[in-house]
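Listed here are the chains, written in short residue letters.
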Amino acid sequence: MLATESSSAISFALTEGQRAARDAAREFARREIDPLVDEIDEAQRFPGELFVQAGELGFLGILVPEEYGGSGMGYVEYVLIVSELAQVDASIGLSVAAHNSLCTGHILKFGSEEQRRRWVVPLARGEKIGAWSLTEPGAGSDAAGTRSTARKVDGGWILDGAKTFTTHGSVGDYCVVFAVTDPDGPRHHNVSAFVLEKGMDGFQPGKKENKLGTRASDTAEVIMDNCFVPDGHLLGERGEGFIQALEILDGGRISIAALGLGIAEGAYRTALAYAQEREQFGRPIAKFQAVQFHLAEMATRVAAAEALVMAAALEMDRTGKVTRLAAQAKLFAGEASVFCAERGVQIHGGYGFVKDYRAEKFYRDCKICTIGEGTSEIQRLVISRQLLKGG
Ligand SMILES: Cc1cc2nc3c(=O)[nH]c(=O)nc-3n(C[C@H](O)[C@H](O)[C@H](O)COP(=O)(O)OP(=O)(O)OC[C@H]3O[C@@H](n4cnc5c(N)ncnc54)[C@H](O)[C@@H]3O)c2cc1C
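Calculation notes
Residues numbered from 1 in each chain as written. Predicted model: local features only at pLDDT ≥ 70, side-chain atom pairs only at ≥ 80, totals over all residues. Heavy atoms only, no water. Domains from an automatic or database assignment. Contact = heavy atoms within 4.5 Å. Buried area = accessible area lost by both parts, 1.4 Å probe. Salt bridge = Lys/Arg side-chain N within 4 Å of Asp/Glu carboxyl O. Near = heavy atom within 4 Å. Polar contact = N/O pair within 3.5 Å; in protein donor to acceptor, adjacent residues only side chain to side chain. Areas by Shrake-Rupley, 256 points an atom, 1.4 Å probe, with all protein chains shown as cover. 1 Å grid on protein atoms, 1.4 Å probe; cavity = no way out; pocket = protein on both sides within 12 Å on 5 of 7 lines; lining within 4 Å. Sits in = over half its atoms within 2 Å of the grid points. Helix = DSSP H or I, 4+ residues; strand = E, 2+ residues; numbered from the N terminus. Expected span 1.5 Å × (residues − 1). Bend = angle between axes of the 7 residues up to and from the residue. Buried < 20%, exposed > 50% of the residue type's maximum accessible area, 1.4 Å probe, protein only. Phe/Tyr/Trp six-rings, centres within 6.5 Å; stacked < 30°, edge-to-face > 60°. Lys NZ or Arg CZ within 6 Å of the ring centre and 35° of its normal. Core = buried A, V, L, I, M, F, W, Y, C linked by side-chain atoms within 4.5 Å. Disulfide = S-S within 2.5 Å.

1. Let's talk about the domain arrangement of the protein chain
A common measure of how large an interface is: the accessible area buried when the components associate. Splitting the protein chain by domain gives domain 1 (9–129), domain 2 (131–239) and domain 3 (243–388). A C-alpha centroid distance of 23 Å is found between domain 1 and domain 2. In this complex, domain 1 contributes 28 residues to the contact, which on the side of domain 2 involves 27 residues. Taking both partners together, domain 1 and domain 2 bury about 2,300 Å²; carbon and sulfur atoms supply 59% of that area. Ranking the residues of domain 1 by area buried against domain 2 places Q44, W119 and I129 at the top, with a combined share of 31%. Counting across the domain 1 and domain 2 interface gives one salt bridge. A salt bridge links R118 to E197, with the nearest nitrogen and oxygen atoms 3.0 Å apart.

In structure tokens form, the structure reads like this:
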């Protein structure tokens with residue numbers, strides 16, 4: 001069963017435009033994504049055809065102003081869309097989120113007018129797929145530990161290094177990558193961001209990962225081997241790439257929070273329906289208080305996650321400053337998705353352990369929410385640092 005209505009009162013506070021965005025995403029998820037979910041998950045196939053349709057609906061330029069080919073919507077619409085998609089397939093939710101908030105968002109925020117016209121417009125229209133490569137084998141949580149290098153040469157830079165776990169690392173057309181340009185510079189001011197284009201000499205995908213969950217969202221290594229990148233591909237100030245990445249990750253964490261919310265809600269609604277259908281001891285299992293209490297815990301976490309995700313989205317739209325709230329939303333919604341997915345499997349009993357029911361898929365997909373764009377442990381670090389700074 002698919003989700004029907006949002007579980008909290010927040011949906012009643014939405015504007016007409018926000019409801020329309022949510023409803024369009026819900027309709028797309030039910031009609032176009034749902035029939036493909038099992039096939040693309042099993043085959044680990046990135047569904048390019050769904051991405052084309054998502055582009056036509058404006059879901060690949062959600063936060064991009066209309067003058068750059070986008071939909072000109074805000075973070076509230078953005079989290080509604082990502083969570084609706086994730087209720088049906090977290091892979092699509094994750095891919096749409098990474099495309100919008102990481103690659104496209106980075107070029108929009110830090111690119112020049114010329115760079116926006118060149119790269120943001122096709123990304124926002126859904127004609128090109130975006131990737132964003134920060135993580136390296138030796139630089140995960142310690143994201144400032146970048147080892148990839150960019151050496152200045154006449155007219156550009158030579159990039160060398162390897163990135164790991166890049167969403168759209170194989171299928172991406174444009175990739176924002178981070179490399180050390182100033183090895184003797186101060187630790188947080190020695191890395192710069194560049195745009196690489198598919199087909200550039202020395203830039204290629206590496207191993208595609210075989211994943212536990214979100215299997216239809218492409219994740220791969222990215223290799224730069226003596227790759228010449230023209231000067232015009234440097235984004236913003238030289239040496240400021242890591243600081244740019246931190247800003248982008250604030251928005252990215254709202255994306256993963258929305259993903260977690262969608263998974264939590266999908267797992268809850270699926271379990272609620274199953275508990276009312278499945279009979280044991282001559283009655284639906286929903287009549288047993290033990291099962292009712294599981295559902296009560298799940299519904300409460302969904303409602304609380306929704307409140308935090310919406311608070312972060314509203315604050316982002318209002319002030320653009322959300323470091324603490326984004327981390328809190330991501331921490332809570334990510335952990336809520338794991339809680340709800342686990343309880344969902346429990347309510348399904350043995351049927352939760354097999355692929356005939358979606359409970360099993362929620363249980364695999366949810367785990368990315370406590371890892372990607374900063375683990376839960378790193379969110380706690382971010383939150384406590386902000387609290388101690390008085391933020
Ligand atoms: C499906 C998927 C998609 C991804 N997409 C992208 C992408 O598009 N672009 C990109 O750049 N990256 C991407 N990532 C990478 C992701 O952001 C990293 O995996 C994540 O930041 C964790 O880094 P790590 O895997 O190296 O783990 P590690 O940093 O090695 O962490 C291992 C464990 O140690 C803990 N730990 C580490 N440091 C501390 C500390 N100081 N205090 C307490 N605990 C600590 C962590 O919380 C974790 O539990 C993706 C990852 C996955 C799995």
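Next, the rest of the story.
2. Regarding the site of the ligand
Residues in close proximity to the ligand total 19 residues, the closest being W132, T135, S141, F165 and T375. Between the ligand and S141, the relevant distance is 2.6 Å, taken from an oxygen atom to a side-chain nitrogen or oxygen of the residue. Against a free-state accessible area of 980 Å², the protein chains account for coverage of 65% of the ligand. When each cavity is represented as a set of grid points, the ligand is found to reside in the largest pocket. For the shell around the ligand, the secondary structure elements donating two or more residues are β1 (130–133), β3 (156–167) and α11 (376–388). Three or more residues apiece are contributed to the shell around the ligand by two domains, here domain 2 (131–239) and domain 3 (243–388).

3. Some remarks on helix α7 (residues 241–277)
Compared with an ideal rise of 1.5 Å per residue, which puts 37 residues at 54 Å, α7 spans 53 Å between its outermost C-alpha atoms and is within 8% of the ideal. Along α7, the sharpest change in direction is near 30 degrees and occurs at D250. The buried fraction of α7 is high, at 31 of 37 residues.

4. Here we look at the packing of aromatic side chains
Scanning all chains against the criterion turns up eight aromatic pairs. Consider the rings of F28 and F59, whose centres lie 6.1 Å apart with planes at 65 degrees: the pair is edge-to-face. You can see F28 sitting in helix α1 (residues 16–33) and its partner F59 sitting in the loop between α3 (48–56) and α4 (75–88), a full 31 residues away along the chain. Each member of the pair, F28 as well as F59, is classed as buried. It is K152 that lies over the ring of W157; its NZ or CZ is 5.3 Å from the centre. Above the face of the F339 ring, R301 is positioned so that its terminal group lies 3.6 Å from the ring centre.

5. Here we look at the nonpolar core
In this structure, I33, L85, L259 and I347 are the most contacted members of the largest nonpolar core, which totals 71 residues. Elements supplying a minimum of two residues to this core: α1, α2 (37–43), α3, α4, α5 (90–110), α7, α8 (289–319) and α9 (323–348). Per-element accounting of this core gives the leading share, 13 residues, to α7. Two domains each donate at least three residues to this core, and these are domain 1 (9–129) and domain 3 (243–388). Aside from chain neighbours lying at most four places away, what touches L85 is A25, F28, A29, I33, I92, G93 and V96.

6. Digging into the side chain of Q379
Examined against the element boundaries, Q379 turns out to sit in helix α11. Exposure remark for Q379: the relative accessible area of 0% places this residue in the buried category. Looking at Q379, its side chain comes within polar contact range of the main-chain oxygen of E373, at 3.4 Å. Once residues within four sequence positions are removed from consideration, Q379 is found in contact with R253, A327, K330, L331, E373 and G374.

7. Here we look at the state of the cysteines
Under the criterion given, the structure shown has zero disulfides. Of all cysteine sulfurs in the structure, the one in C175 sits closest to C103, which takes part in no disulfide; the separation is 7.0 Å.

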